Amino acid sequence: MHPTRLPAALAALALTASLAGTFAATASAAAPQARPVPPGHGKSLALAAADKAADSGLDGLRHGADEELVRTAVTPWAGGLYYAAYQRTYKGLPVAGGDAVVVSDSAGKVRDIAAAPTPAALTLSTRATVTASAALATAKARLARVESASTPELTVLLKGNKPVLTWHTLVVGRTAKGLPSSLDTYVDARTGAVARVHDKVVDADGRGYHNGNVTIDTAATSMTDPNRSGLRCGGQNGGTYTGSSPWGNGGANDLVTACVDIMYAAQREYDMLKQWFGYNGQNGQGGMVPAQAGLGDVNAYYDGTKTTFGHNQQNANQLTAIDVVAHEYGHEVFDKTPGSSGSSNENGGMNESTGDIFGALTEAFANNANDTPDYTVGEKVNFFGDGKPIRYMYNPSLAGDPNCYPQLTSGTEVHAAAGPQNHWFYLLAEGSNPGGGKPASPICSGGPSSVTGIGVQKAGKIFMGALLMKTSSWNHLAARKATLASAKNTYGSAECNAVKAAWNAVGVPAQSGETDCGGTTTPDFSLSLNPASGSVQPGASATSTVSTATTGGSAQTVQLSASGAPSGVTVSFSPSSVTSGGSSTMTVQVASGAANGTYPITVTGTGSATHTVTYQLTVGGTTPPTGCDNTEYTYRGTLADGQAQAQPDGSYYYSATSGTHVGCLRGPAGADFDLYLQKWNGSGWADVAVGGTASADEDITYNGTAGYYRYLVHAYSGSGAYTLGLSAP
């Protein structure tokens, strides 16, 4: 026996949630009795619901037989909510543009879904005719000087909603004009042409520099933050300044002083994200990129690997005021939240606006007397020689930028394109006539007569929650839907209506399916399949459980139907309609003459709304092994090499008394499958018995006390169908 063969990554996931794609099992009898959620298990239920939605292809999560939605990040939020981000893959390759986010709660309900548009099913060859080295040379040729380049990765790029096989690489360096550049490049793996290129360098025009005498966190002998991963500051050679406290001399162009300002602002932004929003740093993982001072240009930028700060137009000071630093690190927040940064001017404008919003939020949080909170950008630097800010969030037109969404065009410069969302944020935070010395803000044609603000902290948390629903197709219309959902989920009806009024005031129209801000919850339901796929021999049948859950309002009747079944295949439901919260058994009957192949079958639930999931039927595939006939309950599933699944049905069961637990696993011939019995210890799942021999079959017997239990089936090597039998006290 080898009880420690479960890979660390799977073991870590197993402590918190059922794994992505783990819900491919069918019970032959009722599961052991489930009891109220064990303490601390809300996250596991939330992620199980999100994974189940992804595996079932709920609504916008639909995917073909060769595609998977792989969970890549989880962010906890207020009210027991969890934002789960997913990357689409095709035959194991990442899909650029196929991302999605599922919002679920600790009761195990799916609350919202955001997904980038994708074709119903991807179909393309994954054989490259252009070598990785040739693609890298093409990507490097776009820059006059290359400083670094990532190893090309074969990637499916969705271009115009059509899949293109590409080599993806990030090339950092300088353009022919000497400007910094970080090119996110996709080279067609068949033709060798550049399919898409996007510069991740996000410019921030010149700003101020000095915050007075401040306290910063550094190591004893270097400008390295000991508490926030990744943050350090130095010069253009990439090194970190060394010395000791007190750092800097307060001089306008002293670069150590500039690093004091940078670290102060970056640390205040980090603390604001954590204390106000419960978000774990600029990168969402407790840290941020390093910073470099002393750029010999009138510029400051973020390029995906670092922030860099230069001097103002008069070369009189460094560009390290609170709002410029927080703006650049705000780009990291935008880049590291789901969907990353897009390539359109509208998306770029919203990225710039995000930097401005985080600049204003950080100023408000820091409340530094040397740089009092406001909603102007660059107010501390004389960039144009007239002492004026470069952008006005409360009235973007004062700098010649559009106030209103209808004024945007595809050619609007990205800094100017920040106008509508900046305007929206000010209206949401402060209102159209806030008083108290704060400036009034105009309302666009067709908007409400006035808007009442809800405060900068609430506005910021709503905006942060919306960024966690961002996808690669992010635009103002998507932002309206996401911020409404964030407001309703995080606060309630009043704040949701304030968000709606602010968007109306800048001319962003209402969207189909957006959150109802009323005091009552709009009736709705979710739909899932267990399993979401099956292999059936001609002349046989398969079953899947269609589960529903009430996600809004009262329970309702949901009518079930199926479409897309091939010739010789019939689909039926028993019962054909359920009350949301209930389930139905779907039977897929395959006639003896049905053709072998894989077929997507769309299952539709119709009630107050319509939702769909997808069942992937394989005719002529392998059948699960037998040999566990003496156990009480039977579950079946299919695993690829290295995958794991939780049973029963991706969940757990409760044993009310002490007694013997029996597990019987029968896997595919020639494979090595392992079986783990786990018990909830109050904070995570702990192994209590392991079947880890070098074979496909495992048997476990365990005498245990009352509590919550589950089995984990792991394909240590090999792949195929398995059968799990279990008995519980």
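Look up a bit, the structure's there.
Residues numbered from 1 in each chain as written. Predicted model: local features only at pLDDT ≥ 70, side-chain atom pairs only at ≥ 80, totals over all residues. Heavy atoms only, no water.

## Looking at the overall build of the protein
Okay, so step 1: For the protein, the helix and strand inventory stands at ten helices and 35 strands.
Okay, so step 2: A compact globule built from 729 residues would reach a C-alpha radius of gyration of about 27 Å, and the protein, at 28 Å, matches this within 12%.
Okay, so step 3: Dimensions along the principal axes, computed over C-alpha positions, put the protein at roughly 85 × 55 × 55 Å.
Okay, so step 4: Across the 729 residues of the protein, 54% fall into the buried class.
Okay, so step 5: By sequence separation, contacts in the protein at least 24 residues apart represent 68% of the contacts at least 6 residues apart.
Okay, so step 6: Split by element, the accessible area of the protein, about 26800 Å² in all, is 49% carbon and sulfur.
Okay, so step 7: Looking at charge distribution, the protein has the averaged site of its 43 positive side-chain charges lying 3 Å from that of its 53 negative ones. (Helix = DSSP H or I, 4+ residues; strand = E, 2+ residues; numbered from the N terminus. Rg over C-alpha atoms; globule rule 2.2 N^0.38 Å. Buried < 20%, exposed > 50% of the residue type's maximum accessible area, 1.4 Å probe, protein only. Contact = heavy atoms within 4.5 Å. Areas by Shrake-Rupley, 256 points an atom, 1.4 Å probe, with all protein chains shown as cover. Lys, Arg positive; Asp, Glu negative; His and termini not counted. Charge placed at Lys NZ, Arg CZ, Asp CG, Glu CD.)

## Some thoughts on the pairing of strand S19 (residues 533-536)
Okay, so step 1: Burial along S19 is one-sided: the face carrying Gly534 and Val536 is buried and the face carrying Ser533 and Ser535 is not.
Okay, so step 2: Across four bridges, the pairing between S19 and strand S26 (residues 610-619) is parallel. Of the residues in S26, the one forming a bridge with Ser535 is Thr618. (Pairing = 2+ DSSP bridges.)

## Some points on the pattern of salt bridges
A pair can form between side chains of opposite charge whenever their charged atoms are brought close.
Okay, so step 1: Tallying each qualifying case throughout the model produces 16 salt bridges.
Okay, so step 2: Between Arg228 and Asp225 there is a salt bridge, and its shortest N-O distance comes to 2.9 Å. Taken as a pair, Arg228 and Asp225 share a single burial class, namely buried.
Okay, so step 3: Two residues, Arg480 and Glu514, come together in a salt bridge whose shortest N-O distance is 2.9 Å. (Salt bridge = Lys/Arg side-chain N within 4 Å of Asp/Glu carboxyl O.)

## Description of helix H9 (residues 476-490)
Okay, so step 1: Under the 1.5 Å per step criterion, the end-to-end length of H9 is 20 Å for 15 residues, consistent within 8% with the ideal 21 Å.
Okay, so step 2: Burial analysis of H9 places eleven of its 15 residues in the buried class, which makes it a mostly covered element.
Okay, so step 3: For H9, the full list of buried residues reads His476, Ala479, Arg480, Ala482, Thr483, Leu484, Ala485, Ser486, Ala487, Asn489 and Thr490.
Okay, so step 4: Where the residues of H9 are buried, they touch strand S2 (81-90), strand S5 (110-115), helix H6 (345-366), helix H7 (419-430), helix H8 (456-467) and helix H10 (493-505).
Okay, so step 5: Between the side-chain oxygen of the N-cap and the backbone nitrogen of Leu477 there are 3.2 Å, and the N-cap of H9 in question is Asn475.
Okay, so step 6: The first or second residue beyond H9 is Gly492, which carries a positive phi of 160°. (Expected span 1.5 Å × (residues − 1). Polar contact = N/O pair within 3.5 Å; in protein donor to acceptor, adjacent residues only side chain to side chain.)

## Structural notes on the environment of Val333
Okay, so step 1: Topologically, Val333 is positioned in helix H5 (residues 322-336).
Okay, so step 2: Taking the C-alpha atoms as reference points, Val333 and Leu273, 60 residues apart in sequence, are found 9.9 Å from one another.
Okay, so step 3: With residues up to four places along the chain from it excluded, the contact list for Val333 reads Leu273, Gln282, Phe358, Met464 and Leu467.

## Things to note about the packing of H8 against H9
Okay, so step 1: It is at 8 Å that the axes of H8 and H9 come closest, and there the two elements cross at 120°. Our classification of the angle between H8 and H9 gives oblique. For H8 against H9, the interelement crossing comes out right-handed. On H9, the residues touching Lys461, Ile462, Gly465 and Ala466 of H8 are Ala482, Thr483, Ser486, Ala487 and Thr490.
Okay, so step 2: By residue class, the composition of the contact of H8 with H9 is four nonpolar, four polar and one charged. (Axes fitted to C-alpha atoms, helices over the stretch in contact; angles between N-to-C directions. Parallel < 35°, antiparallel > 145°, perpendicular 65-115°, else oblique. Left-handed = near helix turned anticlockwise from the far one by under 90°. Nonpolar A, V, L, I, M, F, W, Y, C, P; charged D, E, K, R; others polar.)

Bear in mind that shape data such as this cannot, by itself, settle questions of function.
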